[in-house]
Amino acid sequence: MTAEATTERPNELKRVMGPGLLLLFIIGDILGTGIYALTGVVAEEVGGVVWLPFLIAFVVAMITAFSYLELVTKYPQAAGAALYTHKAFGIHFLTFLVAFTVMTSGITSASTAARAFAENLQKGFGMDTADGLTMVVAIGFMLLVAAVNIRGVGESVKANVVLTCVELSGLLLVIFVAVFAMSEGRADFSRVTVFETPSDKGMFLAVTTATSLAFFAMVGFEDSVNMAEETKEPARIFPKIMLTGLGITGLIYVLVSISAVALVPPGELSKEGATPLLLVVQTGAPDLPIGALFPFISMFAVANSALINMLMASRLLYGMANEGVLPPVLGKVLPGRRTPWVAILFTTALAVGLITFVGEVSELGGTTALLLLGVFTLVNVAVLVLRRDSVEHEHFVAPSWLPILGALSCAYLVGPWSGRSTEQYWIAAVLIGIGVLLSLLVFLFNKRQHKQTQFQHPDDLSTGPH
């Protein structure tokens with residue numbers, strides 16, 4: 001037995017991620033379902049300036065990332081936003097809701113990605129597009145993700161490397177096709193400055209509505225903090241790697257959205273549902289076999305989103321179990337693999353249940369962004385609250401004005417004044433209601449255990465008068 005093995009705690013995770021793997025993890029988690037599926041929906045809201053909501057979403061995400069960097073380098077542990085909320089406010093109920101909200105957003109996003117994977121697979125192979133078959137394929141895919149996740153984070157992250165390269169190549173292909181079409185005079189870049197909306201919204205409201213949708217494409221950077229316990233020297237490498245990853249994805253999003261609207265009029269993009277970029281590639285290179293390959297590229301892109309989201313959700317539950325907020329059984333790890341197998345099985349079961357009831361990509365993506373923007377608001381406030389808590393090691397410190405601006409911008413995008421659809425609030429209310437119910441069950445269980453302990457050890461009866 002090695003010295004490393006003898007010092008390893010029973011429930012400690014392996015530190016296997018260096019700067020390269022962490023960068024690919026962040027890029028792979030941000031890229032994926034959002035940009036591949038929501039470009040047409042955003043174009044429907046703002047017309048040719050489809051790049052603007054993605055740019056604003058990038059800025060808001062970058063501001064919030066500074067808050068996450070201060071907290072993850074200060075507290076390099078799994079659990080992320082839930083841990084920060086617990087340390088800042090000390091309210092167990094609030095901590096539980098934050099953990100449940102983040103976990104649910106990841107599972108919901110992964111379930112949506114699983115359905116998108118199934119649809120792309122059916123389209124790529126020319127199969128029947130019946131909803132029943134889509135559901136079966138999506139569930140089978142989710143079980144495969146669970147198997148990779150249980151095998152270990154090293155295997156999961158290595159799979160992420162391959163899938164990230166595939167999805168990145170798909171987006172770069174869109175940009176290349178736009179350049180190719182421009183060289184042949186078939187791209188119209190004058191459309192990128194034309195604002196148009198099918199409703200009577202003004203430009204400001206239309207852009208904020210589109211931003212609330214586009215933000216779904218930027219979420220993912222926050223998942224990386226849940227991998228802190230499996231990252232080598234997190235306090236040193238996290239800041240530069242997270243900001244680099246956000247910068248790369250932000251640039252790609254702006255270039256892809258400009259390329260899309262330059263090749264396809266916004267009105268046509270909005271009619272393509274979850275496959276707008278496929279139309280872009282087919283329009284830009286009609287004589288090349290790229291269009292036949294693109295559904296498979298999209299399939300692997302959304303597969304990566306599902307893998308990383310399920311990886312995050314299981315690590316979040318593991319971290320909260322070790323904090324004592326969730327049942328300790330969720331903190332159990334496999335003796336050899338050191339992976340949180342109970343948390344993985346629990347999150348997979350929830351995902352399989354959700355796959356059947358997933359709605360439109362736009363509504364589900366908007367709801368995911370809504371839930372996470374609420375969490376981001378709390379995280380930005382938590383940074384300021386936790387300034388009073390000093391730690392012995394050095395850590396990243398964000399300028400004070402950034403968390404303030406981050407909290408205000410995230411809170412604005414949460415509110416109904418941002419132009420969100422009412423359905424997103426109903427979906428979020430149901431999810432939070434499930435969280436409240438689970439919190440009540442955990443509370444009652446703990447209370448019952450406490451009463452049983454008092455009954456078995458009645459110290460007051462042994463020392464008091466009879």
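All values reported here derive from a predicted model rather than from experimental measurement. (Residues numbered from 1 in each chain as written. Predicted model: local features only at pLDDT ≥ 70, side-chain atom pairs only at ≥ 80, totals over all residues. Heavy atoms only, no water.)

Moving on, we get to helix α2 (residues 19-30). In this model, α2 (12 residues) spans 17 Å end to end at C-alpha, consistent with the 16 Å of a helix rising 1.5 Å per residue. Residues of α2 that are buried: Leu-22, Phe-25, Ile-26, Ile-27, Gly-28, Asp-29 and Ile-30. (Helix = DSSP H or I, 4+ residues; strand = E, 2+ residues; numbered from the N terminus. Expected span 1.5 Å × (residues − 1). Buried < 20%, exposed > 50% of the residue type's maximum accessible area, 1.4 Å probe, protein only.)

This part takes up the packing of helix α6 (residues 92-124) against helix α7 (residues 131-151). Between two packed helices, the angle of one axis relative to the other and the distance separating the axes together describe the packing. It is the contact of α6 with α7, at a shortest axis distance of 8 Å, that shows an interaxial angle of 120 degrees. In terms of orientation, α6 and α7 fall into the oblique class. Crossing of α6 over α7 shows right-handed handedness. Contacts from Ala-110, Ser-111, Ala-114, Arg-115, Phe-117, Ala-118, Glu-119 and Gln-122 of α6 reach α7 at Asp-131, Leu-133, Thr-134, Met-135, Val-137, Ala-138, Phe-141 and Met-142. (Axes fitted to C-alpha atoms, helices over the stretch in contact; angles between N-to-C directions. Parallel < 35°, antiparallel > 145°, perpendicular 65-115°, else oblique. Left-handed = near helix turned anticlockwise from the far one by under 90°. Contact = heavy atoms within 4.5 Å.)

Take the pattern of salt bridges next. Taken as a whole, this structure holds 4 salt bridges when the rule is applied. The salt bridge involving Lys-201 is made with Glu-45; its shortest N-O contact spans 3.3 Å. Highlighted residues: Lys-201 in the loop between α8 (153-183) and α9 (203-214) and Glu-45 in helix α3 (residues 33-46), separated in sequence by 156 residues. Note on Glu-45: relative accessible area 17%, which makes it buried. (Salt bridge = Lys/Arg side-chain N within 4 Å of Asp/Glu carboxyl O.)

For the rest of this paragraph, the subject is the side chain of Ser-259. Topologically, Ser-259 is positioned in helix α10 (residues 234-263). Residue Ser-259 is classed as buried on the basis of its relative accessible area, which comes to 5%. When residues no more than four places from it in sequence are discounted, the contact partners of Ser-259 are Val-174, Ile-175, Ala-178 and Val-280.

What follows deals with empty space enclosed by the protein. Within the structure shown, the criterion is met by 2 cavities of 30 Å³ or more. Looking at the largest cavity, it is lined by 20 residues, and the ones nearest its centre are Asp-29, Ser-109, Phe-216, Val-219 and Asn-309. Every element with two or more residues in the lining of the largest cavity is listed here: α2, α3, α6, α13 (290-322) and α15 (361-385). Split by residue class, the lining of the largest cavity holds 7 nonpolar, 10 polar and 3 charged. (1 Å grid on protein atoms, 1.4 Å probe; cavity = no way out; pocket = protein on both sides within 12 Å on 5 of 7 lines; lining within 4 Å. Points joined across faces, edges and corners; volume = space filled by probe spheres on them. Nonpolar A, V, L, I, M, F, W, Y, C, P; charged D, E, K, R; others polar.)

Let's shift gears to the packing of aromatic side chains. For the structure on display, the rule yields 12 aromatic pairs. Judged by centre distance (4.2 Å) and plane angle (15 degrees), the rings of Phe-117 and Phe-141 are stacked. One end of the pair, Phe-117, is in helix α6; the other, Phe-141, is in helix α7, with 24 residues separating them in the sequence. The exposure classification of Phe-117 matches that of Phe-141, with both residues buried. (Phe/Tyr/Trp six-rings, centres within 6.5 Å; stacked < 30°, edge-to-face > 60°.)

Helix length check: helix α14 (residues 341-355) (15 residues) gives 21 Å between terminal C-alpha atoms against 21 Å at 1.5 Å per residue, within 8%. Taken as a whole, α14 has its buried residues at Val-342, Ala-343, Ile-344, Thr-347, Thr-348, Ala-351 and Ile-355.

Closest axis-to-axis distance for the α7/α14 pair is 10 Å, and the angle between their directions is 170 degrees. Between α7 and α14, the crossing angle belongs to the class labelled roughly antiparallel. Of α14, the residues touching α7 (which contributes Met-135, Ala-138, Ile-139, Met-142, Leu-143, Ala-146, Asn-149 and Ile-150) are Ile-344, Leu-345, Thr-348, Ala-351, Val-352 and Ile-355. Residue composition of the contact of α7 with α14, by class: 12 nonpolar, 2 polar and no charged.

A surface patch of nonpolar side chains, amounting to about 490 Å² of accessible area, comprises Leu-437, Leu-440, Leu-441, Phe-443 and Leu-444. Mapping Phe-443 onto the fold places it in helix α17 (residues 422-456). (Patch = residues over 30% accessible without salt bridge, like charges linked within 9 Å, V, L, I, M, F, W, Y side chains within 5 Å. Areas by Shrake-Rupley, 256 points an atom, 1.4 Å probe, with all protein chains shown as cover.)

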